[in-house]
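Chain residues, written in single-letter form:
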Amino acid sequence: FDPLDGSSIIDANFSVGSIFGIWPGKGLLGRRGREQVASVVSLYGPRTTLMIALPAKSRDDDKGDLAFEVTLVKDRSLWELSRGDVKLKPSKKVFAPGNLRAVNDNEKYDSLVKHWIADRYTLRYSGGMV
(Lines give C-alpha, C1' and ligand atoms only; values in the text may rest on other atoms or scores of the structure.)
Protein backbone atom coordinates (compact mmCIF):
# COMPACT_ATOMS: atom_id res chain seq x y z
CA PHE A 1 0.00 0.00 0.00
CA ASP A 2 1.38 3.40 -0.98
CA PRO A 3 -0.70 6.32 0.25
CA LEU A 4 -0.69 9.51 -1.79
CA ASP A 5 1.38 11.34 0.84
CA GLY A 6 4.44 9.16 0.13
CA SER A 7 4.74 8.02 3.75
CA SER A 8 5.41 4.43 2.70
CA ILE A 9 9.03 5.33 1.95
CA ILE A 10 9.60 6.26 5.60
CA ASP A 11 9.23 2.60 6.69
CA ALA A 12 12.35 1.79 4.64
CA ASN A 13 14.29 4.42 6.63
CA PHE A 14 14.42 6.50 3.47
CA SER A 15 14.84 10.24 3.89
CA VAL A 16 12.00 12.50 2.88
CA GLY A 17 12.22 16.21 2.51
CA SER A 18 10.81 19.54 1.49
CA ILE A 19 12.06 22.29 -0.78
CA PHE A 20 10.70 25.78 -0.33
CA GLY A 21 11.45 29.39 -1.05
CA ILE A 22 10.60 32.61 0.73
CA TRP A 23 9.67 35.71 -1.26
CA PRO A 24 9.07 39.23 0.08
CA GLY A 25 5.56 40.64 -0.07
CA LYS A 26 2.42 38.86 -1.17
CA GLY A 27 1.69 36.62 -4.12
CA LEU A 28 3.83 34.22 -6.14
CA LEU A 29 2.43 34.41 -9.66
CA GLY A 30 5.01 35.73 -12.08
CA ARG A 31 7.77 35.74 -9.44
CA ARG A 32 11.29 34.53 -10.22
CA GLY A 33 13.62 32.46 -8.10
CA ARG A 34 16.15 35.28 -7.98
CA GLU A 35 13.60 37.39 -6.07
CA GLN A 36 13.72 35.01 -3.09
CA VAL A 37 15.01 36.29 0.22
CA ALA A 38 15.76 32.73 1.39
CA SER A 39 15.45 29.14 0.24
CA VAL A 40 15.56 25.92 2.23
CA VAL A 41 15.98 22.22 1.54
CA SER A 42 15.01 20.02 4.48
CA LEU A 43 15.65 16.31 4.93
CA TYR A 44 13.84 14.24 7.53
CA GLY A 45 14.98 10.74 8.36
CA PRO A 46 17.66 9.13 10.50
CA ARG A 47 19.30 12.58 10.41
CA THR A 48 17.21 15.75 10.14
CA THR A 49 18.88 18.69 8.43
CA LEU A 50 18.08 22.06 6.87
CA MET A 51 20.23 23.60 4.14
CA ILE A 52 19.49 27.33 4.17
CA ALA A 53 20.53 29.79 1.45
CA LEU A 54 20.43 33.55 1.93
CA PRO A 55 21.24 35.75 -1.06
CA ALA A 56 23.42 38.82 -0.44
CA LYS A 57 20.49 41.19 -1.03
CA SER A 58 18.62 39.74 1.96
CA ARG A 59 21.53 40.34 4.36
CA ASP A 60 22.98 43.46 5.97
CA ASP A 61 26.65 42.44 6.23
CA ASP A 62 27.81 42.87 2.59
CA LYS A 63 29.49 39.44 2.66
CA GLY A 64 27.71 38.01 -0.36
CA ASP A 65 25.51 34.96 -0.67
CA LEU A 66 25.51 32.49 2.22
CA ALA A 67 24.51 28.85 2.43
CA PHE A 68 24.77 26.80 5.61
CA GLU A 69 23.44 23.57 7.10
CA VAL A 70 21.93 22.94 10.52
CA THR A 71 21.21 19.53 12.04
CA LEU A 72 18.62 18.63 14.65
CA VAL A 73 20.45 17.17 17.69
CA LYS A 74 19.99 16.46 21.42
CA ASP A 75 16.89 14.27 21.20
CA ARG A 76 15.61 16.51 18.40
CA SER A 77 15.40 19.55 20.64
CA LEU A 78 18.22 21.77 19.31
CA TRP A 79 19.42 22.95 15.89
CA GLU A 80 23.22 22.91 15.63
CA LEU A 81 25.35 24.40 12.86
CA SER A 82 26.81 21.42 10.99
CA ARG A 83 28.37 23.16 7.96
CA GLY A 84 29.02 26.87 8.16
CA ASP A 85 29.79 28.17 4.70
CA VAL A 86 28.69 25.76 1.99
CA LYS A 87 29.94 26.56 -1.51
CA LEU A 88 28.63 24.93 -4.65
CA LYS A 89 30.94 24.48 -7.58
CA PRO A 90 29.70 26.73 -10.39
CA SER A 91 29.01 23.94 -12.85
CA LYS A 92 28.76 20.20 -12.89
CA LYS A 93 27.28 17.83 -15.38
CA VAL A 94 24.67 16.33 -13.10
CA PHE A 95 20.89 16.40 -13.44
CA ALA A 96 18.02 15.24 -11.26
CA PRO A 97 14.73 15.61 -13.13
CA GLY A 98 11.42 15.59 -11.34
CA ASN A 99 8.46 13.81 -12.93
CA LEU A 100 10.43 12.25 -15.75
CA ARG A 101 7.21 10.89 -17.24
CA ALA A 102 6.32 14.46 -18.20
CA VAL A 103 8.67 14.16 -21.20
CA ASN A 104 5.78 12.35 -22.92
CA ASP A 105 3.50 15.38 -22.63
CA ASN A 106 5.87 18.35 -22.80
CA GLU A 107 8.10 18.79 -25.87
CA LYS A 108 10.33 21.40 -24.23
CA TYR A 109 10.94 19.23 -21.17
CA ASP A 110 11.63 16.22 -23.43
CA SER A 111 14.15 18.31 -25.38
CA LEU A 112 15.87 19.41 -22.17
CA VAL A 113 16.20 15.85 -20.83
CA LYS A 114 17.52 14.66 -24.22
CA HIS A 115 20.09 17.50 -24.12
CA TRP A 116 21.30 16.37 -20.68
CA ILE A 117 21.66 12.79 -21.85
CA ALA A 118 23.34 13.70 -25.18
CA ASP A 119 25.83 15.94 -23.33
CA ARG A 120 26.70 13.03 -21.02
CA TYR A 121 25.25 14.53 -17.82
CA THR A 122 25.06 12.10 -14.89
CA LEU A 123 21.62 11.29 -13.53
CA ARG A 124 21.34 11.67 -9.76
CA TYR A 125 17.95 10.92 -8.31
CA SER A 126 16.56 9.07 -5.37
CA GLY A 127 13.37 9.74 -3.59
CA GLY A 128 9.67 9.88 -4.02
CA MET A 129 7.80 12.85 -5.38
CA VAL A 130 4.61 13.56 -3.50
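Right above here is the structure, for reference.
Residues numbered from 1 in each chain as written. Predicted model: local features only at pLDDT ≥ 70, side-chain atom pairs only at ≥ 80, totals over all residues. Heavy atoms only, no water.

Colleague: How would you sum up the sheet that holds strand 1 (residues 16-22)? Please name residues and give values.
Modeller: Sheet architecture is open: 5 strands sit in the order 1-2-3-4-5, paired in antiparallel fashion. Edge positions in the sheet fall to strand 1 and strand 5 (78-83), since each of these pairs with one other strand and no more. If you compare each strand with its neighbour and ignore which way they point, the axes differ by 20 degrees on average. Here strand 3 (residues 49-54) runs beside strand 4 (residues 66-73); their pairing, made up of 6 bridges, is antiparallel. Following the sheet pairing, Met51 is matched in strand 4 by Glu69. (Pairing = 2+ DSSP bridges. Helix = DSSP H or I, 4+ residues; strand = E, 2+ residues; numbered from the N terminus. Axes fitted to C-alpha atoms, helices over the stretch in contact; angles between N-to-C directions.)

Colleague: Tell me about the layout of surface pockets, and name the residues and values.
Modeller: One number sums up the size of the second largest pocket: a volume of about 550 Å³. Along the wall of the second largest pocket there are 21 residues; nearest its centre are Ser39, Ala53, Asp65, Leu66 and Ala67. Secondary structure elements with two or more residues in the lining of the second largest pocket: strand 1, strand 2 (38-44), strand 3 and strand 4. Classifying every residue of the lining of the second largest pocket gives 14 nonpolar, 3 polar and 4 charged. (1 Å grid on protein atoms, 1.4 Å probe; cavity = no way out; pocket = protein on both sides within 12 Å on 5 of 7 lines; lining within 4 Å. Points joined across faces, edges and corners; volume = space filled by probe spheres on them. Nonpolar A, V, L, I, M, F, W, Y, C, P; charged D, E, K, R; others polar.)

Colleague: Explain the pattern of salt bridges to me, and be specific about the residues and the numbers.
Modeller: Oppositely charged side chains may form a pair once their charged atoms are brought near each other. All told, the structure shown has 5 salt bridges when counted by the stated rule. Overlapping salt bridges, with partners in common, bring together Arg47, Glu69 and Arg83 in one network. (Salt bridge = Lys/Arg side-chain N within 4 Å of Asp/Glu carboxyl O.)

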